[in-house]
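Chain and residue survey
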Amino acid sequence: MLNLTGKNALVTGIANNRSIAWGIAQQLHQAGANIGITYLPDEKGRMEKKVAELVEPLNPSLFLPCDVQNEAQIQSTFETIAEKWGKLDILIHCLAFAKKDDLSGDFSKTTREGFNLALEISAYSLIQLSGAAKPLMTEGGSIVTLTYLGGVKVIPNYNVMGIAKAALEMNVRYLAAELGPQNIRVNAISAGPIRTLASSAVGGILDMIHHVEEVAPLRRTVTQTEVGNAAAFLCSDLSSGITGQVLYVDAGYEIMGMG
Ligand SMILES: NC(=O)c1ccc[n+]([C@@H]2O[C@H](COP(=O)([O-])OP(=O)(O)OC[C@H]3O[C@@H](n4cnc5c(N)ncnc54)[C@H](O)[C@@H]3O)[C@@H](O)[C@H]2O)c1
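The structure contained in this document is the topic of the report that follows. Quick caveat, the model's predicted, so the values are computed rather than measured. (Residues numbered from 1 in each chain as written. Predicted model: local features only at pLDDT ≥ 70, side-chain atom pairs only at ≥ 80, totals over all residues. Heavy atoms only, no water.)

Take the overall build of the protein next. On a plain count of helices and strands, the protein comes out with seven helices and seven strands. Beginning at the N terminus, the succession of helices and strands in the protein can be written as β-α-β-α-β-α-β-α-β-α-β-α-α-β. Dimensions of the protein along its principal axes, counting C-alpha atoms only, are 50 × 40 × 35 Å. Scored against the burial criterion, the 259 residues of the protein give a buried share of 51%. (Helix = DSSP H or I, 4+ residues; strand = E, 2+ residues; numbered from the N terminus. Buried < 20%, exposed > 50% of the residue type's maximum accessible area, 1.4 Å probe, protein only.)

A word on the packing of aromatic side chains. Evaluation of the coordinates by the stated rule reveals two aromatic pairs. Seen from their ring centres, Y39 and F63 are 4.7 Å apart, and the 25 degrees between their planes marks the pair as stacked. You can see Y39 sitting in strand β2 (residues 34–39) and its partner F63 sitting in strand β3 (residues 62–65), a full 24 residues away along the chain. You can call F63 partly exposed: its relative accessible area is 25%. For the pair Y148 and Y158, a centre-to-centre distance of 4.9 Å together with 65 degrees between the ring planes defines the contact as edge-to-face. Taken as a pair, Y148 in the loop between β5 (141–147) and α5 (159–179) and Y158 in the loop between β5 and α5 lie far apart in primary sequence, ten residues in all. Of the residues examined, Y158 reaches a relative accessible area of 10% and is grouped as buried. (Phe/Tyr/Trp six-rings, centres within 6.5 Å; stacked < 30°, edge-to-face > 60°.)

Turning our attention to a nonpolar patch on the surface. A contiguous nonpolar patch, built from F107, F115 and I163 and spanning about 240 Å² of accessible area, is present on the exposed surface. Its location among the elements puts F107 in the loop between β4 (90–93) and α4 (112–133). (Patch = residues over 30% accessible without salt bridge, like charges linked within 9 Å, V, L, I, M, F, W, Y side chains within 5 Å. Areas by Shrake-Rupley, 256 points an atom, 1.4 Å probe, with all protein chains shown as cover. Salt bridge = Lys/Arg side-chain N within 4 Å of Asp/Glu carboxyl O.)

Near the ligand there are 26 residues, and of these G13, S19, I20, I194 and T196 occur at the shortest range. Here an oxygen atom of the ligand and a backbone polar atom of I194 are 2.7 Å apart. In this structure, an oxygen atom belonging to the ligand sits 2.9 Å away from a main-chain N or O atom of A198. In this structure the site holding the ligand corresponds to the largest pocket. Here the shell around the ligand is composed, by residue class, of 18 nonpolar, six polar and two charged. (Near = heavy atom within 4 Å. Polar contact = N/O pair within 3.5 Å; in protein donor to acceptor, adjacent residues only side chain to side chain. 1 Å grid on protein atoms, 1.4 Å probe; cavity = no way out; pocket = protein on both sides within 12 Å on 5 of 7 lines; lining within 4 Å. Sits in = over half its atoms within 2 Å of the grid points. Nonpolar A, V, L, I, M, F, W, Y, C, P; charged D, E, K, R; others polar.)

To continue, consider empty space enclosed by the protein. Following the criterion strictly, the structure yields one cavity of 30 Å³ or more and no others. Computed from the structure, the largest cavity encloses a volume of approximately 50 Å³. Together, Y148, L149, S190, A191, G192, P193, M208, V212, Y248, D250 and Y253 line the largest cavity. Those elements giving two or more residues to the lining of the largest cavity turn out to be β6 (184–191) and α6 (205–215). The residue makeup of the lining of the largest cavity, split by class, is eight nonpolar, two polar and one charged. (Points joined across faces, edges and corners; volume = space filled by probe spheres on them.)

Here we take up the layout of surface pockets. Roughly 1200 Å³ of internal volume is contained in the largest pocket. Taken together, 49 residues form the lining of the largest pocket, with L95, A96, F97, A198 and S199 sitting closest to its centre. Sorting the residues of the lining of the largest pocket by element identifies α1 (20–30), β2, β5, α5 and α6 as the ones contributing at least two each. In terms of residue count, the dominant contributor to the lining of the largest pocket is α6 (three residues). Among the residues making up the lining of the largest pocket, the classes are represented as 31 nonpolar, 13 polar and five charged.

This brings us to the pairing of strand β1 (residues 8–11). Both faces of the sheet carry side chains from a regular strand, because those side chains alternate between them. Going residue by residue along β1, you find N8 and L10 tucked away on one face and A9 and V11 tucked away on the opposite face as well. In terms of strand pairing, β1 meets β2 through four bridges, oriented parallel. Among the inter-strand pairings, N8 is bridged to a residue of β2, identified as N34. In this view, the connection linking β1 to its parallel neighbour β2 by way of α1 has right-handed handedness. With three bridges joining them, β1 and β4 adopt parallel strand pairing. Note on β4: the bridge partner recorded for L10 is L91. (Pairing = 2+ DSSP bridges. Right-handed = clockwise from strand over helix to strand, strands pointing away.)

Here the focus is the sheet that holds β4. Spatial ordering of the open sheet is given by β3-β2-β1-β4-β5-β6-β7, a layout of seven strands whose pairing is parallel. Bordering the open sheet on either side are β3 and β7 (246–249), each of which pairs with just one other strand. In this sheet, neighbouring strand axes are inclined to one another by 20 degrees on average, regardless of whether the strands run parallel or antiparallel. (Axes fitted to C-alpha atoms, helices over the stretch in contact; angles between N-to-C directions.)

Listed below in structure tokens is the structure:
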């Protein structure tokens with residue numbers, strides 16, 4: 001049975017009740033994990049308030065600001081984990097960002113600044129957080145990140161985020177190779193399109209969802225809960241032989257050659 005009792009799980013990337021990270025946090029909690037949440041702080045403290053209210057039913061034992069562009073916040077997050085939890089078992093990396101201008105139109109117009117920003121937040125951050133988690137995963141662990149088909153195939157308007165996801169998927173393999181001897185597994189879930197804050201920045205996302213509903217073998221797209229269930233599996237001992245993989249949770253869309 002899937003049981004995460006006694007496991008300490010840090011979940012990044014909850015912005016609201018549509019966030020994939022929210023679906024994951026709920027399923028980890030249901031499986032018995034002790035939950036810690038990080039949020040992206042803003043000057044007026046709005047995100048902190050909103051996310052705190054949302055996650056209250058999960059009784060998080062840690063609730064911390066962590067902007068992955070802010071080294072001090074990352075360090076402080078993992079220092080707090082060391083102090084309060086002693087060890088970390090599960091790290092959920094469920095965040096990405098690119099400027100809206102870089103998520104539609106001509107890919108060849110991507111700016112150097114937009115490219116660097118998207119790659120830093122969406123791909124480099126997995127290296128940063130995994131490096132910080134490594135010394136705390138003293139009893140082994142599981143790291144799960146979120147990717148999308150646009151990192152493997154050309155999807156209209158996904159543009160620079162496709163490059164970031166390609167880098168992210170390769171990060172998964174290099175990290176899995178390095179951390180495996182410490183029994184830390186690193187995997188990605190490639191989710192089908194879901195309406196969220198981040199995905200609404202991608203031009204034509206609703207058309208993409210409708211297309212998937214017509215073409216995917218299951219004739220629908222997926223829910224945050226389905227992604228959360230797959231994440232819980234990848235974080236549990238049921239997946240103890242799996243590392244360095246990209247698991248498609250996309251109602252089967254990825255297998256289709258024509259649609
Ligand atoms: N929604 C989809 O269709 C879909 C499909 C496949 C993969 N994904 C991936 O799932 C992940 C979660 O996205 P989502 O769709 O749930 O959208 P979302 O907007 O709910 O989540 C994105 C999160 O990234 C966080 N974030 C952005 N910049 C950050 C920074 N500098 N530091 C820390 N956090 C930062 C935001 O605060 C937000 O919580 C992303 O990696 C996304 O690419 C989404």
